[in-house]
Amino acid sequence: MKFTGGGMLCFFWYSFVLVSSAFSAQSFKENEEIQRSQFPDGFLFGASTSSYQVEGAYLEDGKSLSNWDVFCHTPGTIESNENGDVADDHYHRYLEDIELMHSLGMNSYRFSISWARILPDGMLGKTNPSGITFYNKLIDHLLLKGIEPFVTVHHYDMPQVLEQRDGGWLSPLLREEFAHFASICFKSFGDRVKYWITFNEPNLVSEFAYIRGWYPPAHCSPPFGNCSSGNSDTEPLIAMHNILLAHAMAVDTYRRVFWPKQHGFIGIVANAHMYEPLRDDERDRHAVDRALAFNVAWMFDPLVHGDYPSEMRECPGLELPRFSHNEKQLLRGSIDFIGFNHYSTLYVKDCIHSACPLGGDHAIRGFLNTTGYRDGVPIGEPTGMPRFFVVPRGMEKMLDYLKQRYNNKPMFITENGYSSPTPQTELQDWNRIKFHKAYMASVARAIRNGADVRGYFIWSLMDNFEWLSGYTTRFGLYYVDRKTLHRTPKLSAGWFASFLRNSSHNDNIIFSQLEAKVAEM
């Protein structure tokens, strides 16, 4: 296979060996030099993707329609009416993409498995051998290049038939459906996959699919939205309840049936913003505690301690479902590690004693409101996403919170990334480099303070389909031309390669000279 991106990447790597990272860091005040040698031996450094966002081939080789296929083909749901029909065509270009990973020096790659590609009709149908073959080839070629597969079983997309026939995550039937799907994955790939994630961000799915109605099945009710169906005050609680029990069932199967021979590790991933009080008073500090409970602990407390957090149980008007005694036993201790995706920190305002708009006065939101601004000033440098700000201290705070609440269970940062508000600077993405340096430095500080952190995955390997934003928002280390799908390394790819080689890049250089060289290529 001809690999056309290597020459430019080699230039970037050579440049970073010679050049300085002493570019302006006024907006990244916590930025400091960071080297791979500051992390423990065996630490996993990689990048993340998900099946719907990169694979394409949406109806090839026996795959059925997923809920996201159907959702994206509904006019007006996605910016510019874009979809993942082709995405980055990773399904056909996976060998090229593995070469990109290998050229960077990554030792791990996090990806997800398309449920609709493995079980097109759910557990009532047959396993699709072409889907099994694709992921077998992907895993085998990753291992040939010394790259550890870090596999997510479910990252938002499911066969549309499960939504139509069973009612999606509002139905207890999905627990058994998922456990069956997961067991097929364990059986087919577990002899080579040592790191498993059952679900990506159930807390975000509960909010975006069942509170705000932004993701399929687009359920919501006022004041959160005006969907054709849904109840924003109750449905997200039901969906999360079913997802947590589906996770526990899958883990139980893995540990009883597959672990004795495979000896892998299994966890789950939360969307994990950090929070700070909007005002320096006791009410907003308590609101921060509730914000963390209603987002992070909502997921992890049942899986570590066996029940929902007390902050939620004590919230007036919140009708949390109940776990039976046997379910608590199944849930408790059902993760070997904590995974979380961290992109930003937000301010929190109490809504118990203050009036709040946009549903902040509802129990489902914990009677609080979040914002990125205080007196018109952003909490950190804005990015290409409205609610994402550059606040590196938030990473260390989140790691400390998880360390304290869950007895320092092993942790993986499964996504962290930067999207630029100025797309015209995509290849010369200095701010993405500064972002990752600052956040990695925050992780290193947390590790020095005792946090058991074992991996850091950049979102994302390459620009891809970013859900509601389509292809207009870019997080990738590689730029993907939407017409040709050619992958071009950004400056951040060169920086990451030099970092992973533990190369020094502290010598002074004139920023404009390097920029001009890149522009000429």
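Looking at an unreviewed UniProt entry, one finds the chain named Beta-glucosidase 18-like isoform X2 and attributed to Prunus avium.

Novice: Before we move on, could you go through a nonpolar patch on the surface and cite the residues and values that matter?
Specialist: On the surface, L59, L65 and V70 cluster together into a nonpolar patch covering about 230 Å² of accessible area. In this structure, L59 sits in the loop between α2 (51-54) and α3 (67-72).

Novice: Got a sec to walk through the sheet that holds strand β9 (residues 368-371)? Specific residues and values, please.
Specialist: What the three strands build is an open sheet, ordered β6-β8-β9; its pairing is mixed. At either end of the open sheet lies a strand with only one pairing partner, and these are β6 (274-277) and β9. The average undirected angle you get between the axes of adjacent strands in this sheet is 40°. In this sheet, strand β8 (residues 345-350) lies alongside β6 in parallel orientation, the contact comprising four bridges. Counted as the bridge partner of E276 is Y347 from β8.

Novice: Summarise the packing of aromatic side chains; cite the residues concerned and give the values.
Specialist: A complete count under the given rule lists 48 aromatic pairs for this structure. Measuring from centroid to centroid gives 5.9 Å for F300 and Y406, while their planes differ by 70°, and the two rings are edge-to-face. Of the two residues, F300 is situated in helix α11 (residues 282-304) and Y406 in the loop between α14 (393-405) and β14 (411-416); the sequence distance between them amounts to 106 residues. Among the residues examined, F300 registers a relative accessible area of 0% and is labelled buried. With relative accessibility at 1%, the residue Y406 sits in the buried group. An aromatic cluster is defined as three or more aromatic residues linked by ring pairs; in this entry it consists of Y52, W68, F71, Y156, F208, W214, Y215, F465, W467 and Y471.

Novice: Can you tell me about the packing of helix α6 (residues 129-144) against helix α8 (residues 173-189), naming the residues and giving the values?
Specialist: Closest axis-to-axis distance for the α6/α8 pair is 11 Å, and the angle between their directions is 50°. Relative to α8, α6 is oriented oblique. Considering how the two elements wind past one another, α6 and α8 form a crossing that is right-handed. Contacts between α6 and α8 involve I132, Y135, N136 and I139 on the former and, on the latter, I184, S188 and F189. In terms of residue class, the contact of α6 with α8 is built from five nonpolar, two polar and no charged.

Novice: So what's going on with the confidence of the model for the chain? Which residues, and what values?
Specialist: Chain-level pLDDT for the chain is 92 on average; 90% of the residues reach the 70-or-more range. Low pLDDT (under 50) marks residues 1-8, which in the prediction has eight contacts with non-local residues, meaning those over four places away or in another chain.

Novice: Could you give an account of empty space enclosed by the protein, with specific residues and numbers?
Specialist: All chains considered together, the criterion is met by four cavities of 30 Å³ or more. As for the largest cavity, its lining consists of 13 residues, and the residues nearest its centre are N67, Y156, W169, V205 and P216. Of all the secondary-structure elements, those providing two or more residues to the lining of the largest cavity are α3 and α9 (202-210). Broken down by element, the lining of the largest cavity gets its largest block of residues, three residues, from α9. The residue makeup of the lining of the largest cavity, split by class, is ten nonpolar, two polar and one charged.

Novice: Residues and numbers for the pattern of salt bridges, please.
Specialist: Where side chains of opposite charge bring their charged atoms close, a pairing between them can arise. Summed over the entire model, instances satisfying the criterion amount to 37 salt bridges. Between E276 and R393 there is a salt bridge, and its shortest N-O distance comes to 2.7 Å. Of this pair, E276 sits in strand β6 while R393 sits in helix α14; the two residues are 117 residues apart in sequence, bridging distant segments of the chain. Under the relative-accessibility criterion, R393 is labelled partly exposed at 28%. Residues R454 and D452 are paired through a salt bridge, measuring 2.9 Å at the closest nitrogen-oxygen approach.

Novice: How would you sum up α9? Please name residues and give values.
Specialist: In terms of residue burial, α9 counts as a mostly covered element, since nine of its nine residues are buried. Among all positions of α9, only P202, N203, L204, V205, S206, E207, F208, A209 and Y210 are buried. Of the surrounding secondary structure, the elements contacted by the buried residues of α9 are α7 (160-166), β4 (195-200), α10 (235-262), β5 (265-271) and α11.

Novice: Got a sec to walk through the sheet that holds β4? Specific residues and values, please.
Specialist: Around the barrel, which closes on itself, the eight strands sit in the order β1-β2-β3-β4-β5-β7-β14-β15 with parallel pairing between neighbours. Mean inter-strand twist for the sheet, computed between neighbouring axes without regard to direction, equals 25°. Pairing of strand β1 (residues 44-48) with strand β2 (residues 108-112), which is carried by three bridges, proceeds in the parallel orientation. Residue pairing across strands places A47 opposite Y109, the latter belonging to β2. Helix α15 (residues 430-448) rests against β1, β14 and β15 (453-459) of the sheet, and its axis sits at about 170° to β15.

Novice: Residue-level account of the side chain of T49, with values.
Specialist: Checked against the element boundaries, T49 lands in the loop between β1 and α2. Of the residues examined, T49 reaches a relative accessible area of 1% and is grouped as buried. A polar atom in the side chain of T49 sits 2.7 Å from the side chain of Y109. Discounting residues that sit within four places of it in the chain, T49 has contacts with V54, Y109, R110, F111, S112, W459, S460 and L461.

Novice: Tell me about the environment of R322, and please be specific about residues and values.
Specialist: Following the sequence through the fold, R322 ends up in the loop between α12 (310-313) and α13 (325-331). What makes R322 exposed here is its relative accessible area of 64%. As a C-alpha pair, R322 and Y308 span 14 residues in sequence and 8.8 Å in three-dimensional space. Apart from the residues lying within four places of it in its own chain, the contact partners of R322 are H241, R313 and E327.

About the thresholds
- Residues numbered from 1 in each chain as written.
- Predicted model: local features only at pLDDT ≥ 70, side-chain atom pairs only at ≥ 80, totals over all residues.
- Heavy atoms only, no water.
- Patch = residues over 30% accessible without salt bridge, like charges linked within 9 Å, V, L, I, M, F, W, Y side chains within 5 Å.
- Areas by Shrake-Rupley, 256 points an atom, 1.4 Å probe, with all protein chains shown as cover.
- Salt bridge = Lys/Arg side-chain N within 4 Å of Asp/Glu carboxyl O.
- Helix = DSSP H or I, 4+ residues; strand = E, 2+ residues; numbered from the N terminus.
- Pairing = 2+ DSSP bridges.
- Axes fitted to C-alpha atoms, helices over the stretch in contact; angles between N-to-C directions.
- Phe/Tyr/Trp six-rings, centres within 6.5 Å; stacked < 30°, edge-to-face > 60°.
- Buried < 20%, exposed > 50% of the residue type's maximum accessible area, 1.4 Å probe, protein only.
- Parallel < 35°, antiparallel > 145°, perpendicular 65-115°, else oblique.
- Left-handed = near helix turned anticlockwise from the far one by under 90°.
- Contact = heavy atoms within 4.5 Å.
- Nonpolar A, V, L, I, M, F, W, Y, C, P; charged D, E, K, R; others polar.
- pLDDT = per-residue confidence, 0-100.
- 1 Å grid on protein atoms, 1.4 Å probe; cavity = no way out; pocket = protein on both sides within 12 Å on 5 of 7 lines; lining within 4 Å.
- Points joined across faces, edges and corners; volume = space filled by probe spheres on them.
- Polar contact = N/O pair within 3.5 Å; in protein donor to acceptor, adjacent residues only side chain to side chain.

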